[in-house]
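# Fold and geometry: a report
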Amino acid sequence: MPHPAFAGLDFLDTAVLALDHEARVVYRNPAADSLFVLREPLGLPVDACFGPASAIVQAVRAAQAAQMSITEHELIVPGSLGDMYVSLDVLPIESPAAAWLLEIRRIDQQRRIVNEERVQAQQQANRELIRNLAHEIKNPLGGIRGAAQLLAHELPDPQYREYTQVIVEEVQRLQGLLDRLLTPHRLPQLKELNIHEVLERVRSLVLAETPNGLAVRRDYDTSLPSLIADREQLIQSVLNIVRNAIQAMSGIGEIILRTRIARQVTLNRQRFPLALRIDIIDNGPGIPEGLRDTLFYPLVSGRPGGTGIGLHLAHTFVVQHHGTIEFDSRPGHTCFTILLPLNAWKGGEH
């Protein structure tokens, strides 16, 4: 039976715990039990609930040492569904029942929205910069290519023509790169499609490219409804992610293509009752920590010789479909998740 001092806290959605002077848990509300799957009896030290190395326990100790309240805005703590971001308030209280009150709020959703807006703003700025640079570079490249071809006809020694051929080939390669940088500006060509046809196309392509050492498993929800989308853009988006995974695994490993329905999701500050979820999972080495904040930026690559265009295009195409793309990565497990709203297009309008 909870102490009368804590009456009403049982009905809060926010996780609340009360500690005595010895940092023993004397009360916790149902929201705390649900968020952290706490089963320990009351009266145990707080580190018995969360572990002595927990960021929550460290904050409690800091508050006790300073004898003042402490607020932490972005703590990573283990929860009922894996690691999560929370904000934490540790407050001293004057009560015969407790000495400290902990208020813990999950902020994954808010953090995801802020990150989405930050990435999209940066992507928009990058796209404009890249587009302007691409147009400026393409014009002189055409002149260089034409001059090299004319020079090749005038040179008497075939040995020198090899040098002009190198110039022509490198110009063609750069022009192809610039064309890919400009591709995202094409609006989606919308048609009704089955997402599994898209994934099967990707699967057949990558297995043809990497016939040995690669397994691509399917985990499809075949009851998913049709999607109004650009087939080629979705194929390219998924293909770019899968190819990145294959390159990270050096062509040896397992990739899982999974589809599910997601309900009541917020994408780009819009609420959708239904969304299609695509998970692309690999068992490779994981994404290097230094690349994670800029992974979807153009010309960013962790691979020698990589152009850094693939994931940028994937992100751009998904955003053009009013969707989101994010990832979770650790050694041995990387999962890219694409969420696409099922009713974002009204009568084929953009």
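Placed above this text is the structure.
What this report covers is the structure whose coordinates are included nearby. Everything quoted here is computed from the prediction, not taken from an experiment.

### Remarks on the packing of helix α6 (residues 195-209) against helix α7 (residues 231-248)
Where α6 meets α7, the axes come as close as 9 Å, and the angle between the chain directions of the two elements is 40°. In this view, α6 runs oblique relative to α7, as classed from their interaxial angle. As α6 packs across α7, the resulting crossing turns out to be right-handed. Here I195, V198, L199, R201, V202, L205, V206 and E209 of α6 come into contact with α7, specifically with R231, L234, I235, V238, L239, V242, R243 and I246. Its residues assigned to classes, the contact of α6 with α7 shows twelve nonpolar, no polar and four charged.

### Thoughts on the packing of aromatic side chains
Each aromatic ring pair is summarised here by two numbers: the centre-to-centre distance and the angle between the ring planes. Taken as a whole and judged by the stated rule, the model has two aromatic pairs. Ring geometry for F36 versus F50: centroids 5.1 Å apart, planes at 85°, classification edge-to-face. Of this pair, F36 sits in helix α1 (residues 30-36) while F50 sits in helix α2 (residues 46-50), placing them 14 residues apart in sequence. Classification of F36 as buried rests on a relative accessible area of 10%.

### Some words on the pairing of strand β2 (residues 25-28)
Two elements, strand β1 (residues 15-19) and β2, share three bridges in a ladder whose sense is antiparallel. Bridge pairing links A18 to Y27 in β2. Hairpin connection, β1 to β2: the antiparallel pair is bridged by five residues, and A23 has positive phi, about 65°.

### Side note on the packing of α7 against helix α8 (residues 310-320)
Where α7 meets α8, the closest approach of the two axes is 8 Å, and the angle between their N-to-C directions is 145°. Here α7 and α8 pass one another in a crossing that is left-handed. For the pair α7 and α8, the contacting residues are Q233, Q236, S237, N240, I241 and N244 in the first and G310, L311, L313, A314, F317, V318 and Q320 in the second. Each residue belonging to the contact of α7 with α8 can be placed in one class, and the counts come to six nonpolar, seven polar and no charged.

### Details of the pattern of salt bridges
Enumeration according to the criterion identifies 13 salt bridges in this entry. As a salt-bridge pair, R231 and E232 come within 3.2 Å of each other at their nearest N and O atoms. Look at R231 and you get partly exposed, because its relative accessible area is 35%. Since its relative accessible area comes to 48%, E232 is described here as partly exposed.

### Some points on the side chain of T259
As for its position among the elements, T259 is in strand β9 (residues 253-267). Within the structure, T259 has its side chain in polar contact with the side chain of H196 (distance 2.8 Å).

### Quick look at the sheet that holds strand β12 (residues 333-341)
Taken in spatial order, the five strands line up as β7-β9-β10-β12-β11 in an open sheet, and their pairing is mixed. One side of each edge strand has no neighbouring strand; the edge strands of this open sheet are β7 (214-219) and β11 (324-330). Along the sheet, successive strands turn relative to each other by an average axial angle of 20°, direction set aside. Two strands pair when backbone bridges link them, and strand β10 (residues 270-282) and β12 are joined in this way by eight bridges, in the antiparallel orientation. Of the residues in β12, the one forming a bridge with I280 is F336. Across the face of the sheet, α6 comes into contact with β7, β9 and β10 while running at roughly 170° to β7.

### Observations regarding the nonpolar core
If you look at the biggest cluster of nonpolar residues, it comprises 38 residues, and the most contacted ones within it are V242, I255, I280, F336 and I338. Going through the elements one at a time, α6, β7, β8 (227-229), α7, β9, β10, α8 and β12 are the ones with two or more residues in this core. Examining the composition of this core, we find that eight residues originate from one element, α7, more than from any other. Apart from residues lying up to four places away in sequence, V242 is in contact with V202, V206, I255, L257 and I280. Listed in part, the 28 residues of the second largest apolar core include A15, I56, I70 and M84.

### Examining helix α3 (residues 55-66)
For α3, with twelve residues, the first-to-last C-alpha span of 16 Å sits near the 16 Å given by 1.5 Å per residue. Within α3 the residues assigned to the buried category are I56, V57, A59, V60 and A63. For α3, the arc enclosing every buried residue in end-on projection is 160°, short of the 170-degree limit, so these residues lie on one face. A positive phi of about 55° marks Q67, the residue just after α3.

About the criteria used
- Residues numbered from 1 in each chain as written.
- Predicted model: local features only at pLDDT ≥ 70, side-chain atom pairs only at ≥ 80, totals over all residues.
- Heavy atoms only, no water.
- Axes fitted to C-alpha atoms, helices over the stretch in contact; angles between N-to-C directions.
- Helix = DSSP H or I, 4+ residues; strand = E, 2+ residues; numbered from the N terminus.
- Parallel < 35°, antiparallel > 145°, perpendicular 65-115°, else oblique.
- Left-handed = near helix turned anticlockwise from the far one by under 90°.
- Contact = heavy atoms within 4.5 Å.
- Nonpolar A, V, L, I, M, F, W, Y, C, P; charged D, E, K, R; others polar.
- Phe/Tyr/Trp six-rings, centres within 6.5 Å; stacked < 30°, edge-to-face > 60°.
- Buried < 20%, exposed > 50% of the residue type's maximum accessible area, 1.4 Å probe, protein only.
- Pairing = 2+ DSSP bridges.
- Salt bridge = Lys/Arg side-chain N within 4 Å of Asp/Glu carboxyl O.
- Polar contact = N/O pair within 3.5 Å; in protein donor to acceptor, adjacent residues only side chain to side chain.
- Core = buried A, V, L, I, M, F, W, Y, C linked by side-chain atoms within 4.5 Å.
- Expected span 1.5 Å × (residues − 1).
- Arc of directions from axis to C-beta.

Function cannot be read off these values alone, since they describe shape.
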